[in-house]
Amino acid sequence: MGLNLSMPGLMGAASLAGIAVNDSILLVEFIKIHVRNGVAVTEAARLASRERFRAILLTSLTTIAGLLPLLSERSPQAQVLIPLAVSIVFGLMASTVLVLIVVPSLYAILGDLGLTSAKADETQRRPGHTNIIIQ
């Protein structure tokens, strides 16, 4: 969009990182829950992605929709915040795809290689800790 790198743009990138990491952590946690319940890793990745699809997509779409008026604003006061909005909006578009497709795929690949810790997490659970069962 022809904008220079600025402090508001970097703040937007930091905000975007928080949103993307939060979505990814929740998705991986849902995968681990399915694996603990006896589902194969690839199937667990598919199920978790399917279950979290609506929440991730709605979070992204509402944030993008809320920032679109700021992107189209041309007043001098808004020019300071436009780089922040640009980094969040375009980053959310990319991170939504990454979280819903790439994260489950990478987790399934790591599961095939035996590098996931879902089984190890189950053996290291503290006594009295309850498992969440999703049906």
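Rules and cut-offs
Residues numbered from 1 in each chain as written. Predicted model: local features only at pLDDT ≥ 70, side-chain atom pairs only at ≥ 80, totals over all residues. Heavy atoms only, no water. Axes fitted to C-alpha atoms, helices over the stretch in contact; angles between N-to-C directions. Helix = DSSP H or I, 4+ residues; strand = E, 2+ residues; numbered from the N terminus. Parallel < 35°, antiparallel > 145°, perpendicular 65-115°, else oblique. Nonpolar A, V, L, I, M, F, W, Y, C, P; charged D, E, K, R; others polar. Phe/Tyr/Trp six-rings, centres within 6.5 Å; stacked < 30°, edge-to-face > 60°. Lys NZ or Arg CZ within 6 Å of the ring centre and 35° of its normal. Expected span 1.5 Å × (residues − 1). Buried < 20%, exposed > 50% of the residue type's maximum accessible area, 1.4 Å probe, protein only. Contact = heavy atoms within 4.5 Å. Core = buried A, V, L, I, M, F, W, Y, C linked by side-chain atoms within 4.5 Å. Bend = angle between axes of the 7 residues up to and from the residue. Salt bridge = Lys/Arg side-chain N within 4 Å of Asp/Glu carboxyl O.

Draft legend 1. Spotlight on the packing of helix α2 (residues 41–72) against helix α3 (residues 82–112). For the pair α2 and α3, interaxial distance at closest approach is 9 Å and the crossing angle is 175 degrees. Considering the angle they form, α2 stands roughly antiparallel to α3. Among the residues making up the contact of α2 with α3, the classes are represented as 21 nonpolar, six polar and one charged.

Draft legend 2. Spatial organisation of the packing of aromatic side chains. Tallied over the full model, the rule gives zero aromatic pairs. Lying across the ring of F30, R52 places its NZ or CZ 5.3 Å from the centre.

Draft legend 3. α2, seen in detail. Compared with the 46 Å implied by 1.5 Å per residue over 32 residues, the 44 Å span of α2 between its first and last C-alpha is a close match. Within the sequence span of α2, burial applies to V41, A44, A45, A48, S49, R52, I56, S60, I64, L67 and L71. Lining the buried residues of α2 we find α1 (7–36) and α3.

Draft legend 4. Molecular detail of the nonpolar core. Ranked by size, the top nonpolar core spans 12 residues in total: L27, I31, V35, V41, A44, A45, A48, I56, V99, L100, V103 and Y107. For this core, the secondary structure elements donating two or more residues are α1, α2 and α3. Tallying contributions element by element places α2 first for this core, with five residues. Other than its neighbours up to four places away in sequence, I31 contacts A44, A45, A48, P104 and Y107. One finds I64, L84, I88 and V89 within the second-largest nonpolar core, a separate group that totals 11 residues.

Draft legend 5. Quick peek at α3. Its 31 residues give α3 an end-to-end C-alpha distance of 43 Å, which sits within 8% of 45 Å, the value for a rise of 1.5 Å per residue. Within α3, the axis deviates most sharply at V99, by approximately 40 degrees. Of the residues trailing α3, G114 is marked for its positive phi of about 80 degrees.

Draft legend 6. Main features of the pattern of salt bridges. This model, assessed by the stated rule, comprises two salt bridges. Its salt-bridge partner being R36, residue E29 comes within 3.7 Å of it at the nearest N-O pair. Exposure remark for E29: the relative accessible area of 34% places this residue in the partly exposed category. Owing to a relative accessible area of 15%, R36 belongs among the buried residues under this scheme.

Draft legend 7. Representation of the environment of V103. By secondary structure assignment, the location of V103 is in helix α3. For the pair V103 and A45, spaced 58 residues apart in the sequence, the C-alpha separation amounts to 8.7 Å. Excluding its chain neighbours within four sequence positions, the residues that come into contact with V103 are S24, L27, V28 and L98.

All we've got here are geometric facts, nothing functional implied.
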